[in-house]
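The chain contents come next:
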Amino acid sequence: MNNNLSNDLSQAAALLKQSDCNVALTGAGISVASGIPDFRSSDGLWTIFDPMEYATLAAFLHQPEKVWQMFQAVHNTLLGCKPNSAHLALAQLEVAKRLQAVITQNIDGLHQLAGNGTVLELHGNTQSLACPGCGYRQPFDLSQFPPAPVPCPQLAVLPQDHQQAQYLKPDVILFGEDLQPEIIRQFWYWQNKIDVLLVVGTSADVYPAASLPRIVKELGGKVIEINVQPTAVSALADYTLRGRAEIILPQLVEKVG
Ligand code: APR
């Protein structure tokens, strides 16, 4: 490990030790070591599926079978994945009371599986199927992924809500879809409390997650970034720990003690 990284790790660990409210903001990069490709790297999901063609709410409403192909591909990568050392390091930080929450853009549930108890899933998760028309939800077992879109059971009962949306979709946020109001409320709650934001494995391309580092800085907080490459966060981060989260995070947690 080079001297710079070692110094930055020590300084970042000191920040986490002396602050009252530490929150991690995570993106797909933290799950790459678990076998789940991210979106925008050279082998990311969006290099296979054009997000504007497959990952918008409008695309699902107009061509559910086509969008279902993307959902199926995501499901195939998520099935059987386990938390990696980066997820486990964040869980250790929570046990040590040096991490108060994880705000994640990921839908893979790996933070909860690793043991983190306070996890805000900005973009939803694969625990249920939901109807974009009437809001109906039903539990969803990832191992029983339906081969085709499932018609909403409320179709006949609430015809007025199903003029556009006839099928259920995994309860994840597509482009053009609003976040759940309760999620937004919790996001606002945390953004005003954060002393140190640990930004791990996100390109910071998508809002509202991408706004959080700047807001934390504007409110007098500190930002630590862990990423293999520079992002929009790097310029405003107090410490940029350049490297793979599954390597860096365990080192950071060891220094926090
Ligand atoms: N360790 C640390 N960082 C990594 C690693 C790793 N092992 N592997 C990849 N990264 C970094 C990449 O350099 C990139 O900056 O993780 C980031 C992943 O960025 P994206 O693929 O854009 O994923 P994310 O930031 O989570 O995307 C945000 O966009 O498409 C939507 O809803 C989708 O939640 C997603 C949102």
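What comes next concerns the included structure. Predicted model, so just to flag it, every value in this text is computed and none were measured. (Residues numbered from 1 in each chain as written. Predicted model: local features only at pLDDT ≥ 70, side-chain atom pairs only at ≥ 80, totals over all residues. Heavy atoms only, no water.)

Brief notes about the sheet that holds strand β5 (residues 137-139)
Link 1 in the chain: The sheet built from 4 strands is open, its strands ordered β5-β4-β7-β6 with antiparallel pairing. Each of the sheet's edge strands pairs with one partner strand only, and the pair in question is β5 and β6 (150-151).
Link 2 in the chain: Strand direction decides the pairing type here: strand β4 (residues 124-130) and β5, joined by 3 bridges, are antiparallel. Bridge pairing in β5 links L129 to Q138.
Link 3 in the chain: Together, β4 and β7 (167-172) form the strand contacts of helix α4 (residues 64-78), whose direction differs from that of β7 by roughly 40°. (Pairing = 2+ DSSP bridges. Helix = DSSP H or I, 4+ residues; strand = E, 2+ residues; numbered from the N terminus. Contact = heavy atoms within 4.5 Å. Axes fitted to C-alpha atoms, helices over the stretch in contact; angles between N-to-C directions.)

Structural notes on the environment of A245
Link 1 in the chain: Along the chain, the position of A245 falls in helix α9 (residues 245-256).
Link 2 in the chain: The spatial distance from the C-alpha of A245 to the C-alpha of N227 is 6.8 Å, given a sequence separation of 18 residues.
Link 3 in the chain: Sequence-distant contacts of A245, that is, excluding residues within four places in its chain, are made with I30, A86, V200, I226 and P250.

Points about the sheet that holds strand β8 (residues 196-200)
Link 1 in the chain: Pairing in this open sheet of 6 strands is parallel, and the strands run β3-β2-β1-β8-β9-β10 from one edge to the other. With partners counted over all chains shown, the strands left at the sheet margins are β3 (119-121) and β10 (239-242), one partner each. On average, each strand axis in the sheet is inclined to that of its neighbour by 15°, with strand direction left out of account.
Link 2 in the chain: The pairing of strand β1 (residues 22-26) with β8 spans 5 bridges and is parallel. Each residue of the ladder has a partner; that of N22, found in β8, is V196.
Link 3 in the chain: The sheet strands contacting helix α1 (residues 3-18) are β1, β8, β9 (222-227) and β10, and the helix crosses β10 at an angle near 130°.

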